[in-house]
Each structure stands twice: as structure tokens, then as C-alpha cells.
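Breakdown of the fold
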Amino acid sequence: MKQETFTRPPDGDVDKGWAILAICWAFIACAFISTMLRVWVRSRITHNLGGDDYVAVAAMMTSLFGAGLITAEVLNGLGRHEYYLTSAQRRLFQVLGWADWIQTFITLALMKISICLFLLRIVDTKQVVRGMHVVISCITLFTAVSIFLFLGVCRPLRAYWDVGVNGACLSNHQVESVVLAQGILSIISDLILAALPAIFLRNLQIGLRTKVGLCLLMGLGVFTAVCCTVRTALSGSVTNPDLTWAATTGVGWRLPEVNIGIVCANAPVIRPLYLFFRGRLASQIRFNTGGVSKQSMWPSNTPRAAVSPGWRDESKETSVGDTSVSLEMGLHPHDDVQPQSPLKEKPYFIMGGGR
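Residues numbered from 1 in each chain as written. Predicted model: local features only at pLDDT ≥ 70, side-chain atom pairs only at ≥ 80, totals over all residues. Heavy atoms only, no water.

Filter applied, for reference: UniProt positions are given in the numbering used here, feature names are shortened, and annotations may be inferred rather than shown by experiment.
In the annotation of an unreviewed UniProt entry, the protein chain is listed under the name Rhodopsin domain-containing protein and assigned to Letharia lupina. Recorded in UniProt for the protein chain, the comment headed Subcellular location (unreviewed entry) runs: "Membrane". The Sequence similarities (unreviewed entry) field of the UniProt record for the protein chain holds the comment "Belongs to the SAT4 family."

**Here we look at helix α8 (residues 243-277)**
Inclusion rule: Each helix is a run of DSSP H or I of at least 4 residues and each strand a run of E of at least 2, with the numbering of both proceeding from the N terminus. Helix span, expected: 1.5 Å multiplied by one less than the number of residues in the helix. For a residue, the bend is simply the angle between two axes, fitted respectively to the seven-residue segment ending there and the seven-residue segment starting there. Residue burial is assigned from relative accessible area. The probe radius is 1.4 Å, only protein chains are included, and a residue is buried under 20% of its type maximum, exposed over 50%, and partly exposed in between.
Between its first and last C-alpha, α8 extends 48 Å over 35 residues, near the 51 Å set by a 1.5 Å rise per residue. Taking the largest bend as the criterion, α8 deviates by roughly 50°, centred on proline 268. Counting buried residues in α8 gives 27 out of 35 residues, a clear majority hidden from the surface.

**Describing the pattern of salt bridges**
Put simply, the rule reads: Counted as salt bridges are all cases of a side-chain nitrogen of Lys or Arg within 4 Å of a carboxyl oxygen of Asp or Glu.
For the structure on display, the rule yields twelve salt bridges. Of the charged contacts, one joins arginine 121 and aspartate 52 as a salt bridge, the two residues approaching to 2.8 Å between their closest N and O atoms. Of the two residues, arginine 121 sits in helix α3 (residues 87-122) while aspartate 52 sits in helix α2 (residues 51-75), which places them 69 residues apart along the sequence. The class for arginine 121 is buried, based on a relative accessible area of 9%. Taking relative accessible area as the criterion, aspartate 52 reaches 0% and is therefore assigned buried. In the salt-bridge network here, residues are joined through shared partners; they are Arg38, Arg42, Asp52, Asp53 and Arg121.

**As for the packing of aromatic side chains**
Defined as follows: Between 30 and 60 degrees the pair is tilted, below 30 it is stacked and above 60 it is edge-to-face, where a pair is any two Phe, Tyr or Trp rings, Trp via its six-membered ring, whose centres lie within 6.5 Å. To sit over a ring, a charge needs its Lys NZ or Arg CZ within 6 Å of the ring centre and within 35 degrees of the ring normal.
If you walk through the whole model with that rule in mind, you get five aromatic pairs. Pairing tryptophan 101 with phenylalanine 105 gives two aromatic rings, centres 5.8 Å apart and planes at 40°, and the pair type is tilted. A residue pair is termed a helical-turn pair when its members lie 3 or 4 positions apart in one helix, as tryptophan 101 and phenylalanine 105 do in helix α3 at four residues. Owing to a relative accessible area of 1%, phenylalanine 105 belongs among the buried residues under this scheme. When the centroid spacing of 6.3 Å and the interplanar angle of 45° are considered together, the rings of tryptophan 101 and phenylalanine 150 count as tilted. In this pair, tryptophan 101 sits in helix α3 while phenylalanine 150 sits in helix α4 (residues 126-151), placing the two residues 49 residues apart along the sequence. In this structure phenylalanine 150 comes out as buried when scored by relative accessible area, which is 6%. An aromatic cluster is present here, built from Trp101, Phe105 and Phe150 joined pairwise through their rings. It is lysine 16 that lies over the ring of tryptophan 245; its NZ or CZ is 4.1 Å from the centre.

**Details of α4**
Heads up, the condition is: By the convention used here, residues are in contact when the closest approach between their heavy atoms is within 4.5 Å.
With 26 residues, α4 should reach 38 Å at 1.5 Å per residue; the first-to-last C-alpha distance of 37 Å fits that figure. Those residues of α4 lying buried are Val128, Met132, Val135, Ile136, Ile139, Phe142, Thr143, Ser146, Ile147 and Phe150. Of the surrounding elements, those touching the buried residues of α4 are α3 and α5 (172-201).

**A few points about the side chain of glutamine 94**
Note the threshold: For this analysis, a polar contact is any N or O atom pair within 3.5 Å, provided that within protein one partner can donate a hydrogen and the other can accept it, and provided that sequence-adjacent residues contribute only side-chain to side-chain pairs.
Along the chain, glutamine 94 turns up in helix α3. Note on glutamine 94: relative accessible area 7%, which makes it buried. Here the side chain of glutamine 94 touches tyrosine 160 through a polar contact of 3.4 Å, landing on its backbone oxygen.

**Remarks on the state of the cysteines**
Heads up, the rule is: Here, two cysteine sulfur atoms that lie within 2.5 Å of each other are counted as a disulfide.
The tally for this structure, following the rule as stated, stands at one disulfide. Through a disulfide, cysteine 154 is tied to cysteine 169; the S-S separation comes to 1.9 Å. Across the S-S bond of cysteine 154 and cysteine 169 the torsion is about 115°, and the bridge reads as right-handed. You can see cysteine 154 sitting in strand β1 (residues 154-155) and its partner cysteine 169 sitting in strand β2 (residues 168-169), a full 15 residues away along the chain. With no disulfide of its own, cysteine 116 lies 10.0 Å from the sulfur of cysteine 138, the closest cysteine sulfur.

**Notes on the UniProt feature "transmembrane region" (unreviewed entry) in the protein chain**
UniProt records the feature "transmembrane region" (unreviewed entry) for residues 18-41, 53-75, 95-120, 132-153, 180-201, 213-234 and 258-277 in the present numbering. Between the end C-alpha atoms of residues 95-120 the distance is 38 Å, and the span holds 100% helix and 0% strand. As annotated, residues 258-277 comprises 100% helix and 0% strand, and the C-alpha atoms at either end are separated by 28 Å.

**Considering the nonpolar core**
The criterion, for reference: As used in this record, nonpolar core signifies buried Ala, Val, Leu, Ile, Met, Phe, Trp, Tyr and Cys residues forming a set joined through side-chain atoms within 4.5 Å.
Ile70, Leu78, Cys116, Leu119, Met132, Ile139 and Phe200 are the most contacted members of the largest nonpolar core, which totals 39 residues. Counting residues per element, the ones that place at least two in this core are α1 (17-45), α2, α3, α4, α5 and α8. Here this core takes eleven residues from α3, the largest share from any one element. Residues Trp101, Ala159, Trp161 and Val178 belong to the second largest nonpolar core, which totals 15 residues.

**A word on empty space enclosed by the protein**
The line we're drawing: Lining residues are defined by having an atom within 4 Å of a point belonging to a cavity or pocket. Those points lie on a 1 Å grid over the protein atoms alone, cavities being sets where a 1.4 Å probe fits but cannot get out and pockets being open sets with protein on both sides within 12 Å along at least five of seven lines. Grid points are joined across faces, edges and corners, and a volume is the space filled by probe spheres set on the points. Ten residue types, Ala, Val, Leu, Ile, Met, Phe, Trp, Tyr, Cys and Pro, are classed as nonpolar, four, Asp, Glu, Lys and Arg, as charged, and the remainder, Gly among them, as polar.
Overall, the coordinates contain six cavities of 30 Å³ or more when judged by the stated rule. Taken as a whole, the largest cavity spans an internal volume of roughly 250 Å³. Surrounding the largest cavity, 21 residues form its lining, Trp101, Val238, Leu243, Ala247 and Arg254 being those nearest its centre. Among the elements of the structure, α3, α5 and α8 are those that each provide at least two residues to the lining of the largest cavity. If one sorts the elements of the lining of the largest cavity by residue count, α3 sits on top with six residues. Here the lining of the largest cavity is composed, by residue class, of twelve nonpolar, five polar and four charged.

Below, the structure is given as C-alpha cells:
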């Protein structure tokens, strides 16, 4: 796709690969720990693992795969000038970089879909369900288009990384446009998902402090939008002749975009763990019998239909979906709604503090 003609760089054989690896695995560690905590909270404390958790785990797995790709890219020249690399290193770097972009598209999509599924477990009015389905469909569509364009960047595909193979390839401008378009759509989806929690929670019966805290936690996606904005502004680096050197900054911003995005998606779900270790979980549960246990808080053997009465504010037409998720988020039913469940002898509890 490009000619192997390089000029000697004035700064010599500088290697920034070690810094890229340090940044990469630091962010991966944060994302991995938050994902494991999410799974532990949902499986051991709240007993309500759901589709959003499985998608979040899938996003973490693809991000780990991406970290492996970046490590291999560093070993093959990422962070160094191409002038000092062998032809074999340049070709392998092109292959790895191509795969890394596809991995990035998939991981970002899974992370955003996980957030959508989580929001659907909190509020499930028809309008919200339809809106979330539209958002998920749009995310899936533009991700599929981006992947399709990268898969067809050259015909045959090998011509993308092997200058000895003749083929028809997208121009540098077209490749840059694909990355730019994906970045813009990703920014828009990040901002939408960051704003939706505030819209959904505004009419729910919940303490002001808890509402503000949840909106801040669930609105952390603004940070990923900022990272994506910088990464998109640097999209021209994908066509730079000295790609292994020019891509360093873009990779440095792509890593927090993906992995901090995963942390932000996990943060609201980990909230019960914070309450648990602060000792507030037990103090905010009011059982007539006096005993407190994790099993009595979220019975693992109780069907969702039994513990999930419809909580609805008729005046605002706001409905809470999965009760177990709503409870862990600090939501509670209206006083005129009587729970129909094995817990009906025991009043519901509020995890989010008072009004």
C-alpha cells in the first residue's frame, strides 16, 4: 500500500516502545480489576448476573487481546522510526496494526452495548426500550461498516502490508476518512450514553445525593469522549509514511479511550461493594427479623418475576425495570406499591442514602 522509502530521522533511533507498554498494561490492569469486581459483585453479593455483565466481560477479553497486539507491535517497531526497522518488521507491524484497529472497533462497540443493556435493567418503559434498541442498532451498524471497510482496505488484503503484492487499495485519504468517521460517531454515542442516565433518573424516587452520585458515575463516559476526540484529531497518523513513529500518540490516546471506557461502564455496578465495605449496606437494611445476610438481601434462588414488581411513577411515566439492579443502584419502590414476593413480610431497603 505504501512505498518503502525512508529518510534518516534527525533524532536517531529513539525507542518509545517501553512507555507505550507501560501505559498499555496500566490501563489494562485497571479495566481488568474493575471487570473482575463487577463479576464478583453481581455473582456473590447481588446475585443478578445479566446480559450486560457477559457483554462487559467480552469487551474485557477483546481488550486483553488488543493489549497482546500492541505488545507485539512494540516488539516490531511501534515507538521507533521505520528507517531502523527491517522489511519483515514493517510488514508484521502493518498486519498487527490492521488487526488492532478492528479489535478497537469491536471492543468499543461491546463496551457501549453493555452500558445500554445496563440502562435497560434500570428503566424499562416502552420509550426507553425502543430508544436503547435504536442506539444498540446504530452502534452495531457503524461498527460493522467500519470493520467491513478495514477488511476490504485492499484486494487482495495482503497488498495492505506487502509492497511486493499488486492490488487495488483504498487511498490514504479514504483510510483516514474511515477512522475519522468512526471516531466522530463514537464521540456522539459516548455523549449520548453519558447523558441518558441523568434523563432516566430525574423522575425516579431517589435521594438527591444518590441521584447526583449515580449521574456522575454513569456519566463518566464523557472522559472516553474526550479521549476519542483527541484520537480522532490524530487520525492523520494512520497514513503517515513513518507510521511506527507517528502512531505512538494515537495509540496512547486509544488505550485510555477503550480501557477507561470499560472502567466507567463497570463503576456503577461496583457501587454495592463500596457500600458493603463502608458498612452502610447493613445499616440501611431494615428487616423485621433483625438478621442480615447477603442471601436475604438478594436471594439467588428467587425468580426475577417474584422480586421485581413494577415500580412506576404514573405522573411521570417512569418505570423501574429489574428490581434487584434498581436496589443495588439505590432506587426504591413507591409507598403505594406492595411487593409480591417471598420478601413481602420484610420492607424494601434503600442503598443510596436518604432524600
